[in-house]
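Chain by chain, the residues:
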Amino acid sequence: MSRILHNRMRSSLKKSTQWTVDKRAVAFSVWTGRRVLLHKPIDTSHVQRRRYGMLVARAVRGVLKIRYLLLGGAVGGGMTLNKKYAEWKDGLPDMGWLNELLPDNDQWDQFTTTLISAKEKIGDQLQIGVPLTLSVHIDPRLRAAGLERAAELREWLAQRYEDAVAAAAVNNSANLVHHISAEQPAKIVNNLQSKPVPSPTREDHTNTNYEKRVHALQEEVLALQARYQRELQRLEQENRELRQQNMLLRQGRQPSTRKMKRSLIDMYSAVLDELSGWDAGETDRLPRVVVVGDQSAGKTSVLEMIAQARIFPRGAGEMCTRAPVKVTLSEGPYHVAQFRDSAREFDLNKESDLADLRKEVELRMRNSVRGGRTVSSEVISMSVKGPGLHRMVLVDLPGVISTQTVDMASDTRDAIKQMTKQYMDNPNAIILCIQDGSVDAERSNVTDLVSSCDPSGKRTIFVLTKVDLAEENLANPNRIRRILEGKLFPMKALGYYAVVTGRSRKDDSIQNIREYEERFFRSSKLFKDGLVTPSQVTTRNLSLAVADCFWRMVRASVEQQADAFKAMRFNLETEWKNTFPRQRELDRDELFERARAELLDQSAELSAVAANVWEMRLQQALWSAAAERVFGAIYLPAAANAHTDVDKFNTAVDIKLREWAEAELPAASIRAGRDALRDEFSELMARARDTDPVYEPVKREAVDEALRRHQWEDRAQDVLRVLQLNALQDRCVSSRQDWDAAVTLMDAAVKDRLDDTNKELKELTGPGLKDRWLYWQSSTEEQNRRAEVRSELERLGVARPGLAYDEVVAVRDNLRRRGIEVDNDYIRETWKPVYLRNFLQRAQTRARDCRKSFYLYSQQNGNGKECCEVVMFWRVQQTLRTTANALRQQIGNREANRLDRELREVLDEMAADPELKKKLLSGRRVELAEELKRVRQVQEKLEEFIEALNKEK
């Protein structure tokens, strides 16, 4: 049966194999065109046609695939390009703000039409010689001032033209007369010009000189016309700006500050502000007008007449000017005053604002005087703007005194002279010397001082005040003439002026004083008799002369001063590169801000300190604060009184621990918490990387001050007291770990106290045998005596803290037999460290024995009397752990934030105290960076001023 099945399987396998071979043969035959099994050709035409069709289909499919690829690439590339264009367009800056600044087409057309019409009107009216009026709409507040200024310029131009034609016609003068009569107040005279040359005779003139003079006069008239035209254009531009600002204010919008241009004198004043309070030595030689004079000579009154407002306080018989006051005068539409460090503007046309301004000046002067001084060198800076004011910078100094009163500082007179001389020593300073004309010239203190600083008088202007009083009181008016001619005083000056600054009335306005001054000089004998020339009187002429001299000095010296600052900057930068090559130039303020940032970052890290770190630090601080109290006031007295009575010892410990927890422990815990907070803060500062050591003093000072101010919350002590009393009630040690920790604490405390006791005994009894042989130390006679007493006491073997009388007598007798005389107090004094040493040695032994007694203690459920000292130390340790945990929570929840807040307040106060910052941030690096910063600021402001000055030319 098995054979039959086997044969059938072989036959079926053979058939399947044969069929597989046949299929492979047919397929091979179809592909090659030959019969493999039959060995004869077969018909393959239909197979060839099928192959050609498949090749054509494949070619068509490839062509279509290329078309789809190209089409898809074009579409995808276009979308990508469009996306890139949109991203580039979105990245462009928004230029929409230009639409608000640039006018539209209608505004441009209106602007050009207005310019053309204005040009035609101005040209026509200048040609026909009719009065010129502005066709623009002027602000009502400026209309009167503008028309008055235009009328003055027109009259001045007409008079100059007539004088020039008359001089050319008569041909008898080579120079024009630069003054006007009293009926023409708009003409201002300056007697600082060069003195006129004597007129040549008629016979000396030739036709050539005549033509040259006429040509020069014509050029001068054309230059004046061009100047007049520029002045009109400037007024029109200011009027347009003011109308635009007025329109914005009516609409409730603030005018743009970018369009408001700073005046030339304000830029120069900013340079002087940078130099104020900075001892620049030979570098600070920028021009300024220095007003000097004797006390009550009228310096302040002259300055007020120039500023056209009563801006300074008055004092009845006492010193008013106690500090230098720098006043920057400039022309403006409104008569206002403003301090450099304040945004408030005082309207000088209002009496209330004038009173506030005078109070502010007086307050600043009194605040500048510190430390019992009478005068101060701290500069008070203010600016005054108004119509018709001449641009200049004046510095009003305290008056020079000859006698100082008892309520003044002892160095007041010398301080005033030194300050005055310091300002006048500047070779470019214009000295405005004020002399009281109503007193004798021999009483003057300032003239000799001015002569010593400017012996040639090239930069001195002499002003004689109170001429009205002088004319009434002087019997010889010729004396005033000699003063104004420079023949009475030994000093020399560029010009001499006589002014009247008031009638000794506090309520007189500047306008009333000016009218009184003009009336006086019109009716004065000095003027009528020709003793004084018209160019030497009135504050108008004085103001114009000082301003002209000031600007001539500025133009002559400012570029040289700019070069000096540039050279100074180069030297400082070279020193920095050589001394601190890899450090940034950080000034004092920048260093302080960096210290502030680092300190606040470290303060924020307090909240990230781990809990176990806080508890370990707090436990150490608590034990350091409580160790002396626990050992000296609780453990030792209880052990000494109880001696061997365990119950008595435990009772004494309970009482003393409770008293300690109720009275001292909470406050001591708060102090320990503050110490731990300080230590952690100090470690955070020490771990800070890349910190600059130059501002470490700032950080330490800020942290110390914040910790001094930091007070723990009052309720924290009550919370701690409750927790500590509850912790002390527990007398059962529950775990072997706590038992070992208490034994370790007791052993360490006893060992520390034992070391201190051995050191005390060594000082009392002298070095031991080892120290004497190895270190060649010897004992004194007193130490030898103490050593004998100690050895005798140790022989007694007494374990009590106090000696009985019989024991003391026995020790004394034994010492006497050996020739040592001591009294009872001496013996008892020596016994204290001896007993303490013996007691501590026994306590250390008991602590080590108790380390193995926890099993016995646990079997007795804490009721055993053995190792009661370990239980006491465990109770103290458990209380300190509970306190440390509570303090950690208080620090994390409240105290760290409160300390951070107090630290910020301290830093803010330090930032507002420049003297403290200067004290904490010191050294050559800081000073060099400060000098570099200030020199760069001055140089940049000077270059900006020079650029504006060149444009004005």
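Up top you'll find the structure we're talking about.
Scoring rules and cut-offs
Residues numbered from 1 in each chain as written. Predicted model: local features only at pLDDT ≥ 70, side-chain atom pairs only at ≥ 80, totals over all residues. Heavy atoms only, no water. Helix = DSSP H or I, 4+ residues; strand = E, 2+ residues; numbered from the N terminus. Buried < 20%, exposed > 50% of the residue type's maximum accessible area, 1.4 Å probe, protein only. Contact = heavy atoms within 4.5 Å. Pairing = 2+ DSSP bridges. Phe/Tyr/Trp six-rings, centres within 6.5 Å; stacked < 30°, edge-to-face > 60°. Lys NZ or Arg CZ within 6 Å of the ring centre and 35° of its normal. Disulfide = S-S within 2.5 Å. Expected span 1.5 Å × (residues − 1). Bend = angle between axes of the 7 residues up to and from the residue. Salt bridge = Lys/Arg side-chain N within 4 Å of Asp/Glu carboxyl O. Patch = residues over 30% accessible without salt bridge, like charges linked within 9 Å, V, L, I, M, F, W, Y side chains within 5 Å. Areas by Shrake-Rupley, 256 points an atom, 1.4 Å probe, with all protein chains shown as cover. Lys, Arg positive; Asp, Glu negative; His and termini not counted. Charge placed at Lys NZ, Arg CZ, Asp CG, Glu CD. Axes fitted to C-alpha atoms, helices over the stretch in contact; angles between N-to-C directions. Parallel < 35°, antiparallel > 145°, perpendicular 65-115°, else oblique. Core = buried A, V, L, I, M, F, W, Y, C linked by side-chain atoms within 4.5 Å. Polar contact = N/O pair within 3.5 Å; in protein donor to acceptor, adjacent residues only side chain to side chain. Left-handed = near helix turned anticlockwise from the far one by under 90°. Nonpolar A, V, L, I, M, F, W, Y, C, P; charged D, E, K, R; others polar.

(A) Highlighting the overall build of the protein. Of regular secondary structure, the protein possesses 31 helices and nine strands. Scored against the burial criterion, the 953 residues of the protein give a buried share of 39%. Pairs at least 24 residues apart make up 77% of the contacts formed inside the protein by residues separated by at least 6 positions.

(B) Molecular detail of unusual backbone geometry. The backbone of K466 shows a phi angle near 55°, a positive value even though the residue is not glycine. Tracing the sequence through the fold places K466 in the loop between β8 (460–465) and α12 (467–473). Positive phi, close to 70°, is recorded for T538, a residue that is not glycine. Its place among the elements puts T538 in the loop between α15 (525–528) and α16 (539–579). For T538, a relative accessible area of 14% gives the class buried.

(C) Molecular detail of the environment of E559. As for its placement among the helices and strands, E559 is situated in helix α16. Each C-alpha atom, one on E559 and one on E943, is 8.5 Å from the other, the two residues being 384 residues apart in sequence.

(D) View of the side chain of T321. Here T321 shows up in the loop between α8 (299–307) and β2 (325–331). Residue class for T321 comes out buried when judged on its relative accessible area of 9%. Residues in contact with T321, not counting those within four places in the same chain, are T300, M365, D396, L397 and P398.

(E) Local environment of the pairing of strand β1 (residues 289–293). With five of its five residues buried, β1 lies for the most part within the structure. Where burial is concerned, the two faces of β1 agree: the one with V289, V291 and G293 and the one with V290 and V292 are both buried. Here β1 pairs with strand β7 (residues 430–436) via five bridges, running parallel. Residue pairing in the sheet places V291 in a bridge with L432 of β7.

(F) Geometry of the packing of aromatic side chains. A complete count under the given rule lists 16 aromatic pairs for this structure. One aromatic cluster is present, formed by F631, Y635, F649, W831, Y835, F839 and F873 through successive ring pairs. Geometry around Y826 places R786 over its ring, the cationic atom sitting 3.9 Å from the centre. Positioned above the aromatic ring of F592 is the side chain of K917, whose terminal nitrogen or guanidinium carbon lies 5.4 Å from the ring centre.

(G) Molecular detail of the pairing of β2. Of all seven residues in β2, six are buried; the element is thus mostly enclosed. By the bridge criterion, seven bridges tie β2 to strand β5 (residues 380–386) in an arrangement that is parallel. Looking at the pairing, V327 lines up with M382 of β5. Pairing of β2 with strand β6 (residues 392–396), which is carried by five bridges, proceeds in the antiparallel orientation. Note on β6: the bridge partner recorded for L329 is M392.

(H) Spotlight on the sheet that holds β6. Read across the open sheet, the nine strands follow the order β4-β3-β5-β2-β6-β1-β7-β8-β9; overall the sheet is mixed. Both edges of this open sheet fall to β4 (346–347) and β9 (495–498), since each of them pairs with a single strand only.

(I) View of the state of the cysteines. Overall, the coordinates contain one disulfide when judged by the stated rule. Residue C850 pairs covalently with C867 via a disulfide, S to S 2.1 Å. Because the sign of the S-S torsion sets the handedness, a value of about -100° for the bond joining C850 and C867 places this disulfide among the left-handed ones. Here the residue C850 occupies a position in helix α27 (residues 824–850), and C867 occupies one in the loop between α28 (854–859) and α29 (868–911), the gap between them amounting to 17 residues. Among the residues examined, C850 registers a relative accessible area of 8% and is labelled buried. Relative accessible area serves as the criterion here: at 12%, C867 is assigned to the buried category.

(J) Up close: α27. A rise of 1.5 Å per residue sets the reference length of α27, with its 27 residues, at 39 Å; its end C-alpha atoms lie 38 Å apart and thus fit the reference within 8%. Most pronounced at W831, the bend in α27 amounts to some 30°, and the proline P833 follows within four residues.

(K) Structural view of the pattern of salt bridges. Taken as a whole and assessed by the stated rule, the structure comprises 56 salt bridges. The partner of D356 in a salt bridge is R344, with the nearest N and O atoms 3.1 Å apart. A residue pair is termed long-range when its members are at least 10 positions apart, and D356 in helix α9 (residues 351–368) and R344 in the loop between β3 (336–339) and β4 qualify at twelve residues. D356 sits in the partly exposed class, given a relative accessible area of 30%. Its relative accessible area of 39% is what places R344 among the partly exposed residues. For K466, the salt bridge is made with D436, and the minimal N-O distance between the two is 3.4 Å. Of the two residues, K466 sits in the loop between β8 and α12 while D436 sits in strand β7, which places them 30 residues apart along the sequence. The exposure class of K466 is partly exposed, given its relative accessible area of 24%. Overall, the relative accessible area of 10% leaves D436 in the buried class. Residues participating in the shared-partner salt-bridge network are E701, E705, R708, R709 and E909.

(L) Spotlight on a negative patch on the surface. Taken together, the side chains of E628, D752, D756, E760 and E763 present a region of like negative charge at the surface. The element that contributes the greatest number of residues to the negative patch is helix α23 (residues 736–765), accounting for four residues. By the element assignment, D752 lies in helix α23.

(M) Structural view of the packing of α23 against α29. Where α23 meets α29, the axes come as close as 8 Å, and the angle between the chain directions of the two elements is 100°. Between α23 and α29, the angle is such that the two are roughly perpendicular. Where α23 abuts α29, its residues D738, W739, A741, A742, V743, L745, M746 and A749 lie against E869, V870, V871, F873, W874, Q877 and R881.

(N) Highlighting a nonpolar patch on the surface. A grouping of L769, W773, L774 and Y775 is seen on the molecular surface, where their side chains present a nonpolar patch of about 540 Å² in accessible area. Residue position: Y775 is located in the loop between α24 (769–774) and α25 (781–796). A relative accessible area of 52% places Y775 in the exposed class.

(O) Summary view of the nonpolar core. Ranked by internal contacts, the top residues of the largest apolar core, which has 102 residues, are Y635, F649, W739 and M872. Among the elements that make up this core, the one with the highest residue count is α29 (18 residues). Apart from the residues lying within four places of it in its own chain, the contact partners of M872 are V630, I634, Y635, F649, V653 and L657. Grouped together as the second largest cluster of nonpolar side chains are 70 residues, V325, M382, V384 and L432 included.

(P) Spatial organisation of the side chain of R875. Position of R875 among the secondary structure elements: in helix α29. The buried category is assigned to R875, whose relative accessible area is 7%. Polar side-chain contacts of R875 include one of 2.6 Å to the side chain of D654. At a separation of 2.7 Å, a polar atom in the side chain of R875 contacts the main-chain carbonyl oxygen of L728.

(Q) Spotlight on the packing of helix α20 (residues 665–687) against helix α22 (residues 714–729). α22 packs onto α20 with a crossing angle of 115° between their chain directions and a minimal axis gap of 9 Å. As for the relative orientation of α20 and α22, their crossing is right-handed in sense. Here L665, P666, A667, S669 and I670 of α20 lie close against α22, whose contacting residues are A716, Q717, L720, R721 and Q724. Of the residues belonging to the contact of α20 with α22, the class tally is six nonpolar, three polar and one charged.

These figures come from the coordinates and say nothing about function on their own.
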